[in-house]
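For reference, the chains in residue letters:
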Amino acid sequence: MRYLLFVLFFHFSSPTAQELRIYAVDEPPAAYINQYEQQDGYVLAIVKAMQKELSNTTPILFIPEGRALTIMAREPNVILIGISRTPSREHHYFWLAQVMVKKWQVYALSGVAMNIDTLDDLKVLANIGVVRGDVREEWLINRHFKNLNSVTLHKQNIQMLKLGRVNAIVYDEQGLRFHANTLGFRLGDFTPVYTVNMAPVYIVMSKYSNPTLVKNWQQAFKTISKNGELQNISEQWQTKLAQKYNMTSEIRNNILVF
């Protein structure tokens, strides 16, 4: 009987089953660890504004994207900052709020001759660098790419491209600018050779989460959209990214579009 009571207590009081958790992946400028070892990012700022609206103090933890998606698939009441919305992901999450739109591009080393006009042209390359669990890896796998080289972090891909260990990588200009700067590379070292997709980015919550929790977070986003807070965050980050990283963007419906 004691053992049964212990099991029941553990099941119903387990934090993994009951408490809200918030995860982020290293995906600048949405969310990243800055040079001062502090959490930073445009979408991170949006989430913190939503937390303030909800009087929520849940810590935000950074973990690899593959691990984050595994947790999201298995456990309720988990928020992830933020992921691209694609048809294959549509029914796997609660899409709390669209916070950004960004362009996926194929990058090669500058000066390396490469004629890419179609997706099929990419399939003849020896290897293409992607990040394990990243939406761009998933998107290419769903289109039957067999030449993908998957690593854990985007900056690993950039280093491998610079060293000539992969022919190309699939990434976005904003993340490439940020990581190239921190790695001591120049953006001019890399050339975009093909645009793969324009992707909307969302804050999401895992399936089977508490419906009230989902509704509260969706309402928090609507509130900061209506009261001007979201517009203010977007304007601040638009200026910051332009001044510090020379990133150009526009604001549409209160969010940044790159």
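Use the structure listed above.
About the criteria used
- Residues numbered from 1 in each chain as written.
- Predicted model: local features only at pLDDT ≥ 70, side-chain atom pairs only at ≥ 80, totals over all residues.
- Heavy atoms only, no water.
- Helix = DSSP H or I, 4+ residues; strand = E, 2+ residues; numbered from the N terminus.
- Rg over C-alpha atoms; globule rule 2.2 N^0.38 Å.
- Buried < 20%, exposed > 50% of the residue type's maximum accessible area, 1.4 Å probe, protein only.
- Contact = heavy atoms within 4.5 Å.
- Areas by Shrake-Rupley, 256 points an atom, 1.4 Å probe, with all protein chains shown as cover.
- Lys, Arg positive; Asp, Glu negative; His and termini not counted.
- Charge placed at Lys NZ, Arg CZ, Asp CG, Glu CD.
- Polar contact = N/O pair within 3.5 Å; in protein donor to acceptor, adjacent residues only side chain to side chain.
- Expected span 1.5 Å × (residues − 1).
- Pairing = 2+ DSSP bridges.
- Axes fitted to C-alpha atoms, helices over the stretch in contact; angles between N-to-C directions.
- Parallel < 35°, antiparallel > 145°, perpendicular 65-115°, else oblique.
- Left-handed = near helix turned anticlockwise from the far one by under 90°.
- Nonpolar A, V, L, I, M, F, W, Y, C, P; charged D, E, K, R; others polar.
- Core = buried A, V, L, I, M, F, W, Y, C linked by side-chain atoms within 4.5 Å.

All right, on to the overall build of the chain then. Across its full length, the chain carries ten helices and twelve strands. Taken over the C-alpha trace, the chain has a radius of gyration of 20 Å; the compact-globule value for 258 residues is 18 Å, and the two agree within 12%. Reported as C-alpha extents along the three principal axes, the dimensions of the chain are approximately 70 × 45 × 35 Å. Considering the chain as a whole, with its 258 residues, one finds that 46% of them fall into the buried category. Contacts in the chain between residues at least 24 apart in sequence constitute 71% of all its contacts with a sequence separation of at least 6. Accessible surface, the chain: about 13200 Å² in total, of which carbon and sulfur atoms supply 51%. Charge-centre separation for the chain: the mean point of 27 positive side chains lies 4 Å from the mean point of 21 negative side chains.

Assignment of secondary structure puts asparagine 147 in the loop between α6 (135-141) and β8 (148-151). The buried category is assigned to asparagine 147, whose relative accessible area is 8%. A polar contact is formed between the side chain of asparagine 147 and the backbone oxygen of leucine 125, at a distance of 2.9 Å. Once residues within four sequence positions are removed from consideration, asparagine 147 is found in contact with Leu122, Lys123, Leu125, Ala126, Asn127 and Ile128.

Moving on, we come to helix α10 (residues 229-245). Spanning 17 residues, α10 covers 23 Å between terminal C-alpha atoms, matching the ideal 24 Å at 1.5 Å per step. Just downstream of α10, asparagine 246 is the residue with a positive phi angle, here 60 degrees.

Our next topic: the pairing of strand β6 (residues 93-109). Of all 17 residues in β6, 13 are buried; the element is thus mostly enclosed. Taken together, the 15 bridges between β6 and strand β10 (residues 190-206) define a ladder with antiparallel strand orientation. Bridge assignment links tryptophan 104 to a residue of β10, and that residue is asparagine 197. By the bridge criterion, two bridges tie β6 to strand β12 (residues 255-257) in an arrangement that is parallel. Counterpart to methionine 100 in the pairing with β12 is leucine 256. As paired elements, β6 and strand β9 (residues 168-171) share three bridges and run antiparallel to each other. Across the sheet, residue tyrosine 107 finds its bridge partner in β9, namely isoleucine 169.

As a further point, take helix α8 (residues 173-183). Among all positions of α8, only Gln174, Gly175, Leu176, Arg177, Phe178, His179 and Ala180 are buried. Among the structural elements, β2 (32-33), β6, α7 (154-162), β9, β10 and α10 are those in contact with the buried residues of α8. Backbone geometry just after α8 places glycine 184 at a positive phi near 85 degrees.

In contact at an axis separation of 10 Å, α7 and α8 are set at 70 degrees when each is read in the N-to-C sense. Here α7 is positioned roughly perpendicular relative to α8, judged by the angle of their axes. Remark: the crossing between α7 and α8 carries right-handed chirality. Here α7 contributes His154, Lys155, Ile158 and Gln159 to the contact with α8, which in turn contributes Leu176, His179 and Leu183. Looking at side-chain class alone, the contact of α7 with α8 contains three nonpolar, three polar and one charged residues.

Turning our eyes to something else, we now look at the side chain of glutamate 137. Along the chain, glutamate 137 falls in helix α6. A polar atom in the side chain of glutamate 137 sits 2.6 Å from the side chain of serine 150. Residue contacts for glutamate 137: discarding those within four places in its chain leaves Val130, Val131, Arg132, Leu148 and Ser150.

Once that is clear, we can look at the nonpolar core. In this structure, Tyr42, Ile46, Val99, Ile203 and Trp217 are the most contacted members of the largest nonpolar core, which totals 38 residues. Those elements that place two or more of their residues in this core are β1 (21-24), α3 (42-54), β5 (78-84), β6, β10, α9 (211-226), α10 and β12. The element that contributes the greatest number of residues to this core is α3, accounting for seven residues. Grouped together as the second largest cluster of nonpolar side chains are 17 residues, Val106, Ile116, Val135 and Val196 included.

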